[in-house]
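Each chain, written out:
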Amino acid sequence: MAPTRPCTRLHGPDWHPRVDGHRRHGAADLPSPGAAAPVLTDNAPGLPNERKPAPKAIVLTSHPPRTGSGGAVAWGMADPHLRGPVVTSLHSGPARNAIGTHAGAYSLYRALAVAAGQLDAAHRPDLTNTAPAIPIGPFPQWSDPDRIVSLDPWGHVGPAVFADRVAAGQDIRPSIAVTRAHIHMPEIAAALAAGRLAHDGEVLLPDGSARVTKVAIEPVWWLPGVARRIGIPAPDLRRALFEQSGGMFPELVTRPDLDVFLPPIGGMTVYLLGDPARLGRPETRIACRIHDECNGSDVFGSDICTCRPYLAHGIEVGIRTAQAGGVGVVVYNRKEGRALGEVTKFLVYNARKRQEGGDRADAYFQRTECVAGVQDMRFQELMPDVLHWLGISRIDELVSMSNLKYQPIVSSGIEVIERIAIPEELIPPDASVEMDAKKAAGYFTASVPGAEELHKPKGRGLDG
């Protein structure tokens, strides 16, 4: 591994952090210039004693800097220069105007890399040739603070739009990246072989691969809007985020001047089939699949749910729509196990398979709630934001049976013309428990299972 550059000391040895205008540490708390570095004597067993350098000064961000904070983000302004950039890099000084940092959950790996000496803490990315592969927007929804609260609509073009500020030294980074790719799925190749799809050389190629535009999006939350969307006071939201993250972000409760938060959670990826230039036009037909991550099914083909089959069906519908002059939209959200996480999901699987009476639909949600305390934590109220970012005001084919997705979409002002159910032949036998339970709970369906049907054990046992 190539040696890393030494980190630049941001403050001299006589600098002391201050909180509320009071000196946090006395002069004796930090070593004086020229003093010998302390010797570490309480190492873990088996590690030799090492001479450690003097502790570095810590820059506290939990209170406004004495020099004054940077311009607040005027969320919802149509002119990006009036709205201002989201600046959250750790070496931005007074220009920093958001809580958290870039890269979502991966920001903690960045911290590990810095701690291990593999990454210079002051590294700034060289963004040469990283601009979006195709333009997206702007659309009218970008300036409506009621439409977009959980992502930065200017996140893919910030360094270009605010080039003058970048040239002046501000560290403005993208929170959205747009590229082009080919995807190849066996299910699409099978649809081509079966005659359900035909290659056209543009959207679908002869080998069964499809051309797509891929968009990676990091979450950027405008806290007042997020609070309003889920129906709670903003101070309650900020306090809960602070407390339930173990106090990770004190600015949530000490910096009311900062309304933008980059949470350390997974983001989303959007796959666009067809010409993205057609987005935002009233005549463009849109087919859309909103999909929440399911690693077991999506990647490994686990048959306890319908996730991968429904995802593949959504892509197939999107290809047909794109070939007819529309756009296929697949939104892939990193919300594993209804945002409860994969450990919780697998614990629930065990509880379902071992319960008295077998794995059955009438106990499906109860088993989840017994383990997690709640059935679902995806907060689909925030989900339509990405559709508004894409300029979508009507979905002609929504490839989803979920009432938890349909209702937030239409409540946000997007018209849905038709809902597409998963074909029965695509439902794996062990997934019939899930499907029956969801149909009984409000899923879009032509027939709802009765109480007797819901009580039948249909899932395999753990040893099946």
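Here the structure is shown first, and the text comes after it.
Residues numbered from 1 in each chain as written. Predicted model: local features only at pLDDT ≥ 70, side-chain atom pairs only at ≥ 80, totals over all residues. Heavy atoms only, no water.

> Tell me about the overall build of the chain, residues and numbers included.
Scanning the chain from terminus to terminus reveals 16 helices and twelve strands. Across the 464 residues that make up the chain, the buried fraction comes to 43%. Restricting to contacts in the chain with at least 6 residues of sequence separation, those with at least 24 account for 70%. Here the chain displays about 23300 Å² of accessible surface, and carbon together with sulfur accounts for 56% of that area. (Helix = DSSP H or I, 4+ residues; strand = E, 2+ residues; numbered from the N terminus. Buried < 20%, exposed > 50% of the residue type's maximum accessible area, 1.4 Å probe, protein only. Contact = heavy atoms within 4.5 Å. Areas by Shrake-Rupley, 256 points an atom, 1.4 Å probe, with all protein chains shown as cover.)

> Just give me the short version of the sheet that holds strand β7 (residues 260-262), but keep the residues and values in it.
Ordered by their spatial adjacency, three strands build an open sheet running β3-β7-β6, and the pairing between neighbours is mixed. Among the strands making up the open sheet, the edge pair consists of β3 (99-100) and β6 (221-222). Here β3 runs beside β7; their pairing, made up of two bridges, is parallel. Bridged to Ile99 within β7 is Phe261. (Pairing = 2+ DSSP bridges.)

> I'd love a proper account of helix α6 (residues 223-230), names of residues and values included.
Listed as buried for α6 are Leu223, Gly225, Val226 and Ala227. Positive phi shows up at Gly231, right after α6, with a value of about 80°.

> Quick one: what's the story with the environment of Val433, residue by residue and with numbers?
Topologically, Val433 is positioned in helix α15 (residues 432-441). The exposure class of Val433 is buried, given its relative accessible area of 1%. It is 8.6 Å that separates the C-alpha atoms of Val433 and Asp362, two residues lying 71 residues apart in sequence. Beyond its immediate sequence surroundings of up to four residues, Val433 is in contact with Arg352, Asp359, Arg360, Ala361, Tyr364, Lys458 and Gly459.

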